[in-house]
Amino acid sequence: MSSTPHGEPITGAEIFVRSLQAQGVKHLFGYPGGAVLHIYDALYKQDQIEHILVRHEQAAVHAAEGYAKSTDMPGVVLVTSGPGATNAVTGIADAYMDSVPLVVFTGQVPLPLIGNDAFQEVDTIGITRPCVKHNFLVKDVRDLAATIKKAFYIATSGRPGPVVVDIPKDVTAHRCVFEYPETVEVRSYNPNVKGHPGQIKRAVDLILSAKRPMIYTGGGIILDHAAAELTEFARLLGYPVTNTLMGLGGFPASDKLSVGMLGMHGTYEANMGMHHSDVLIAIGARFDDRVTGNIEKFCPHAKIVHVDIDPASISKNVKVDIPIVGGVKSVLTDLIEVLKATSERPDADALAAWWEQIDEWRSADCLRFDRAAEVIKPQFVVETLWKLTGGDAFVTSDVGQHQMWAAQYYPFDKPNRWINSGGLGTMGFGLPSAMGVQFAHPDATVCTITGEGSIQMNIQELSTCLQYHLPLKILNLNNGYLGMVRQWQEFFYQGRYAMSYMESLPDFVKLAEAYGHVGMQIEKPGDVEGAIREALAMKDRLVFMNFLTDPTENVYPMIPAGAGQNEMILI
Amino acid sequence: MRHIISILMENESGALSRVSGLFSARGYNIEALTVAPTEDPSVSRMTLVTNGTEQIIEQITKQLNKLIDVIKLLDLTQDSHIEREHMLIKVRATGSAREEVKRMADIFRGTVVDVTDASYIIELTGAPDKLDAFIDTLGPKLVLETVRSGPLAIARGGRRLAI
Ligand SMILES: Cc1ncc(C[n+]2csc(CCOP(=O)(O)OP(=O)(O)O)c2C)c(N)n1
């Protein structure tokens with residue numbers, strides 16, 4: 001147990017630091033301000049925790065998300081009260097939507113001033129309530145250590161998520177004896193990890209009876225580190241696997257059982273397979289509207305098994321036949337065990353016919369693109385990056401067309417390598433999240449695939465990258481448009497391109513250089529490979545590659561809004 | 001369908017707003033809500049009346065259970081239960097109405113708890129529809145002001161909601 005020797009009282013700020021140390025925190029992403037100055041002073045006096053100074057609080061949270069999404073550690077953030085807290089809210093909401101384990105500490109005005117509209121006061125608890133797993137206002141220094149312990153426990157257990165701890169400035173000055181609790185119990189919170197054995201048996205019976213099965217998995221596989229179990233499960237059965245945007249890498253994309261991503265911009269074979277399936281095995285996925293398309297038309301023939309740690313995710317959008325509440329890793333392990341113990345096997349003939357059908361859909365080659373084009377095709381850039389990194393880089397992305405191309409043309413074989421903002425769809429996520437990944441994996445190749453719109457939403461972080469020598473590789477797929485918006489305007493608004501043209505773009509090469517990095521401009525398809533190769537070779541420099549890509553390229557295939565999964569637009 | 005959900009939750013500041021915030025954020029209805037500490041002062045009990053399809057009620061109970069401050073809950077509508085609501089009603093009591101109102105109060109087993117020349121305050125307890133009936137019987141001419149507690153409810157027999 002961590003405690004102060006001889007029971008000597010220390011300040012709340014020191015308790016904060018000691019608690020984080022006891023919690024094993026190595027990196028803290030943050031930005032100082034009045035309400036947290038006592039804490040910064042305490043941080044200054046120690047060297048166990050590295051504090052990373054970002055340039056905007058939103059970026060601190062995204063960096064912590066990248067850190068958490070690429071590891072099995074929670075991300076930790078410290079910001080000041082008022083604007084510090086409100087700037088962090090977008091990141092917190094992002095983490096909430098994608099179930100990212102974060103603990104975000106916000107400074108607050110001193111207790112006697114709360115409610116007085118004091119300088120830099122906001123009701124952080126009130127503002128963040130709808131977008132956190134839980135939040136705490138610490139009103140007494142004697143509760144501080146235990147609250148921090150609880151915050152980490154809640155953030156990282158069950159369905160993970162962000163927890164905010166709001167700490168008034170005077171609490172960080174008050175003193176008490178420090179003791180970091182070894183265990184934590186929250187009587188109202190007992191996440192259920194183990195799946196119900198009866199449900200697991202029923203599920204196996206249904207799974208084995210399938211003639212046209214589909215395994216549909218999401219971010220839960222990544223969050224629960226269950227890729228190995230999923231892979232064993234799928235191979236045991238020989239069933240096709242599709243991943244959501246959040247679940248990419250949860251099953252090796254190069255495996256012949258993989259039919260790729262599903263959903264709005266998923267593959268034809270994945271979506272057709274979903275639509276025609278008779279048994280759908282959903283694991284750690286939540287039937288998001290970008291996945292299901294028109295819910296009325298979703299999987300009309302399928303009986304559905306749904307495994308999820310969060311009971312509220314089950315039968316929320318789609319009524320399921322066999323719900324299993326539990327951690328996906330634990331439930332998959334049990335499913336594998338039951339499958340191995342039974343002598344029954346899947347219907348081989350039916351399965352062979354199903355695969356034949358899937359291969360026919362595959363032959364539509366829905367991800368083909370024009371390889372002879374005179375302009376740089378964004379797909380080609382991503383594909384080349386994949387080739388040159390051996391498919392083994394960490395890739396973060398922003399939000400837009402480039403995000404979809406990254407997901408489509410950089411097939412991941414490993415989990416926790418693909419880091420993006422799925423639920424909230426936050427432009428500005430890419431660069432700061434990559435910083436977090438690089439801190440967690442200092443020697444790894446970390447790439448950001450972005451667009452000229454998104455990158456400008458947190459471009460100031462190029463400064464942070466210089467300060468901490470983060471050798472990120474930024475691939476800006478610069479189509480001169482808010483491309484995803486432009487695509488929708490082309491399809492659904494008869495080409496009225498309202499506000500989707502990014503005029504007055506900066507010179508990104510000069511901008512990168514101004515921040516102390518290497519900038520490259522790539523204008524011809526023939527230069528793409530050489531440029532990426534050169535950039536990757538600069539192991540210790542951040543390289544900003546500005547690719548001038550086809551301004552009119554669209555993301556295909558696509559399920560238009562309101563359509564079913566079997567109504568994809570191919571190229 | 002109308003459902004009464006009883007919730008045991010941590011008696012912490014902010015716990016109530018987590019519940020009401022959940023309802024507004026997800027577009028669920030709250031018809032009535034009462035809350036007070038239980039015999040264990042660290043625990044509050046909330047009685048919440050809502051309505052929705054089976055699927056919505058299932059989501060409501062799941063989302064409530066997901067709130068960290070919620071310890072336990074019970075959808076009382078599933079089984080037989082006792083439901084009571086408390087009302088204080090200020091009624092015009094002049095002329096011939098004076099006698100009439102008193103008689104009605106007696107029939108409904110209400111108690112007159114305040115008397116002036118022009119008005120009575122009547123205290124009445126019962127199932128919500130009984131209170132509705134009393135208000136309807138008096139009619140808008142006589143009713144000056146009402147305050148209702150919202151229903152309280154408890155399961156009959158051995159079923160209990162306790163920690
Ligand atoms: C913060 C934020 N604002 C607005 C949007 C809506 N939006 C989604 S994609 C997009 C365009 C993104 O443009 P760009 O980053 O250039 O990428 P492209 O689609 O061109 O690849 C916009 C504006 C968003 N997702 N996030």
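Residues numbered from 1 in each chain as written. Chains lettered and ligands numbered in written order. Predicted model: local features only at pLDDT ≥ 70, side-chain atom pairs only at ≥ 80, totals over all residues. Heavy atoms only, no water.

### Quick notes on helix H4 (residues 128–138) of chain B
All names here are of chain B. What counts, and what does not: Burial classes: relative accessible area under 20% of the type maximum marks a residue as buried, over 50% as exposed, and values in between as partly exposed (1.4 Å probe, protein chains only). To qualify as a helix, a DSSP run of H or I must reach at least 4 residues; to qualify as a strand, a run of E must reach at least 2; elements of each kind are numbered from the N terminus. Regarding the arc, it is the one traced by the directions from the helix axis to the C-beta atoms.
Turning to H4, its buried residues number three or more, namely Pro-128, Leu-131, Phe-134 and Leu-138. Looking down the long axis of H4, one finds its buried residues gathered within 120° of arc, a one-sided arrangement. For H4, the exposed residues lying more than 90 degrees away from the buried face are Asp-129 and Asp-136. Immediately downstream of H4, the backbone of Gly-139 shows phi near 85°, a positive value.

### Overview of the layout of surface pockets
Applicable threshold: A 1.4 Å probe that fits but cannot get out identifies a cavity on a 1 Å grid over protein atoms alone, an open set with protein on both sides within 12 Å along at least five of seven lines counts as a pocket, and a residue lines either if it has an atom within 4 Å of a point. Grid points are joined across faces, edges and corners, and a volume is the space filled by probe spheres set on the points. Residues are grouped as follows: Ala, Val, Leu, Ile, Met, Phe, Trp, Tyr, Cys and Pro are nonpolar; Asp, Glu, Lys and Arg are charged; every other residue, Gly included, is polar.
There is about 1200 Å³ of room inside the second largest pocket. What lines the second largest pocket is a set of 42 residues, among which A:Tyr96, A:Asp310, B:Gln63, B:Lys66 and B:Leu67 lie closest to the centre. Of all the elements in the fold, those that place two or more residues in the lining of the second largest pocket are helix H4 (83–97) of chain A together with helix H1 (15–25), helix H2 (54–66) and strand E4 (70–75) of chain B. Partitioned by chemical class, the residues of the lining of the second largest pocket number 20 nonpolar, eleven polar and eleven charged.

### Observations regarding the interface of chain B and chain A
What counts here: Contacts: residue pairs with any heavy atoms within 4.5 Å of one another. The buried area of a pairing is the accessible area, by a 1.4 Å probe, that goes missing from both parts when the two are put together, added over both. By convention in these notes, a salt bridge is any Lys or Arg side-chain nitrogen within 4 Å of a carboxyl oxygen on Asp or Glu. N or O atoms closer than or at 3.5 Å make up a polar contact, with two conditions inside protein: a donor-capable atom paired with an acceptor-capable one, and, for residues adjacent in sequence, both atoms drawn from side chains.
Contacts between chain B and chain A engage 20 residues on the former and 19 residues on the latter. Surface buried jointly by chain B and chain A totals about 1600 Å² across both partners, of which 45% is contributed by carbon and sulfur atoms. Taken together, chain B and chain A are joined by three salt bridges. The salt bridge involving A:Lys319 is made with B:Glu58; its shortest N-O contact spans 3.8 Å. Summed over the shared surface of chain B and chain A, the result is eleven residue pairs in polar contact (both at pLDDT 80 or more). Those elements giving two or more residues to the side of chain B that touches chain A turn out to be H1, H2 and E4 of chain B.

### What to know about the packing of H1(B) against H2(B)
Residue and element names in this part refer to chain B. Worth spelling out the cut-off: Where helices are involved, their axes are fitted lines through C-alpha atoms of the stretch in contact, as for all axes, and angles between N-to-C directions lie from 0 to 180°. By definition, any crossing whose near helix is turned counterclockwise from its far helix by less than a right angle is left-handed, and any crossing with a clockwise turn is right-handed.
Running from N to C, H1 and H2 point in directions that differ by 145°, and their axes come no closer than 11 Å. Here H1 and H2 pass one another in a crossing that is right-handed. Here Val-19, Leu-22 and Phe-23 of H1 come into contact with H2, specifically with Ile-60, Gln-63 and Leu-64. Split into classes, the residues belonging to the contact of H1 with H2 amount to five nonpolar, one polar and no charged.

### Examining the sheet that holds strand E22 (residues 543–548) of chain A
Strand pairing within a sheet occurs via backbone hydrogen bonds; the two strands may be parallel or antiparallel. All names here are of chain A. The test is simple: In this scheme, strands are said to pair when DSSP sees at least two bridges between them.
Spatially, E18-E17-E19-E20-E22-E21 is the arrangement adopted by the six strands of the open sheet, whose pairing is parallel. Edge positions in the open sheet fall to strand E18 (418–419) and strand E21 (518–522), since each of these has one partner strand only. The pairing of strand E17 (residues 394–397) with strand E19 (residues 446–450) spans four bridges and is classified as parallel. Paired with Val-395 across the strands is Cys-447, a residue of E19.

### Here's the deal with the domain arrangement of chain B
The accessible area lost on association of the parts is a frequent measure of interface size. Residue and element names in this part refer to chain B. Rules: These domain boundaries are the output of an automatic or database domain assignment.
On domain assignment, one finds that chain B holds domain 1 (2–78) and domain 2 (82–152). Averaged C-alpha coordinates put domain 1 and domain 2 at centres separated by 29 Å. Taken residue by residue, the interface counts six residues in domain 1 and six residues in domain 2. Buried surface at the junction of domain 1 and domain 2, summed over both partners, amounts to about 420 Å²; 63% is from carbon and sulfur atoms. Broken down residue by residue, the surface that domain 1 buries against domain 2 is led by Arg-2, Thr-34 and Thr-47, which jointly contribute 65%. Taken together, the connections running from domain 1 to domain 2 amount to one salt bridge. The shortest N-O distance in the salt bridge between Glu-83 and Arg-2 comes to 2.7 Å. The interface formed by domain 1 and domain 2 includes one residue pair in polar contact (both at pLDDT 80 or more). Of all the elements in the fold, those that place two or more residues in the side of domain 1 that touches domain 2 are strand E1 (2–10), strand E2 (32–37) and strand E3 (43–51). The class makeup of the residues in the side of domain 1 that touches domain 2 is three nonpolar, two polar and one charged.

### What about the sheet that holds strand E15 (residues 303–308) of chain A?
Residue and element names in this part refer to chain A. In space, the six strands of this open sheet follow the order E13-E12-E11-E14-E15-E16, with parallel pairing throughout. The open sheet is flanked by strand E13 (258–261) and strand E16 (322–325), the only strands paired with a single partner. Across the sheet, the mean angle from the axis of one strand to that of its neighbour is 15°, orientation sign disregarded. The sheet contact formed by strand E12 (residues 241–243) and E13 spans two bridges and is parallel. Across the sheet, Asn-243 pairs through a bridge with Met-261, a residue of E13. In the packing of helix H8 (residues 197–208) onto the sheet, the strands contacted are strand E14 (279–283), E15 and E16, and the crossing angle to E16 comes to about 135°. Sheet strands touched by helix H11 (residues 268–276): strand E11 (213–217), E12, E13 and E14. Its angle to E11, the strand with the most contacts, is close to 115°.

### A word on the site of the ligand
Residue and element names in this part refer to chain A. Put simply, the rule reads: Summary of the distance rule: residues count as near a molecule or strand when at least one heavy atom falls within 4 Å of that molecule or strand. Methods summary: accessible areas were calculated by the Shrake-Rupley approach with a probe of 1.4 Å, and residue burial reflects only the protein chains presented.
Taken together, 17 residues sit near the ligand, with Gln-401, His-402, Gly-425, Ser-454 and Gly-483 positioned nearest. Met-484 is positioned with one of its backbone polar atoms (N or O) 2.9 Å from an oxygen atom of the ligand. Taking 580 Å² as the accessible area of the ligand by itself, protein coverage stands at 76%. Within the residue set of the shell around the ligand, elements represented by two or more residues are helix H16 (401–409) and helix H19 (483–492). Considering every element that reaches the shell around the ligand, the biggest residue donor is H19, with three residues. When the residues that make up the shell around the ligand are grouped by side-chain class, the tally is seven nonpolar, nine polar and one charged.

### Some words on the domain arrangement of chain A
Residues and elements named next belong to chain A. Examined at the domain level, chain A breaks down into domain 1 (9–177), domain 2 (197–362) and domain 3 (378–548). Centre-to-centre separation of domain 1 and domain 2, based on C-alpha positions: 37 Å. Note on domain 1 versus domain 2: buried area summed over both sides is about 650 Å², and carbon and sulfur give 61% of it. Across the domain 1-domain 2 interface, the total number found is one salt bridge. Between Asp-310 and Arg-159 there is a salt bridge; the shortest N-O distance is 2.8 Å. Where domain 1 touches domain 2, the interface holds two residue pairs in polar contact (both at pLDDT 80 or more). Each residue belonging to the side of domain 1 that touches domain 2 can be placed in one class, and the counts come to three nonpolar, three polar and four charged.

### Considering helix H3 (residues 57–69) of chain A
Inclusion rule: How far a helix is expected to stretch is found by multiplying one less than its residue total by 1.5 Å.
Taking 1.5 Å of rise per residue, the 13 residues of H3(A) would be expected to cover 18 Å, and the 18 Å separating its terminal C-alpha atoms lies within 8% of that figure. Among the 13 residues in H3(A), 13 count as buried, and that is most of the element.

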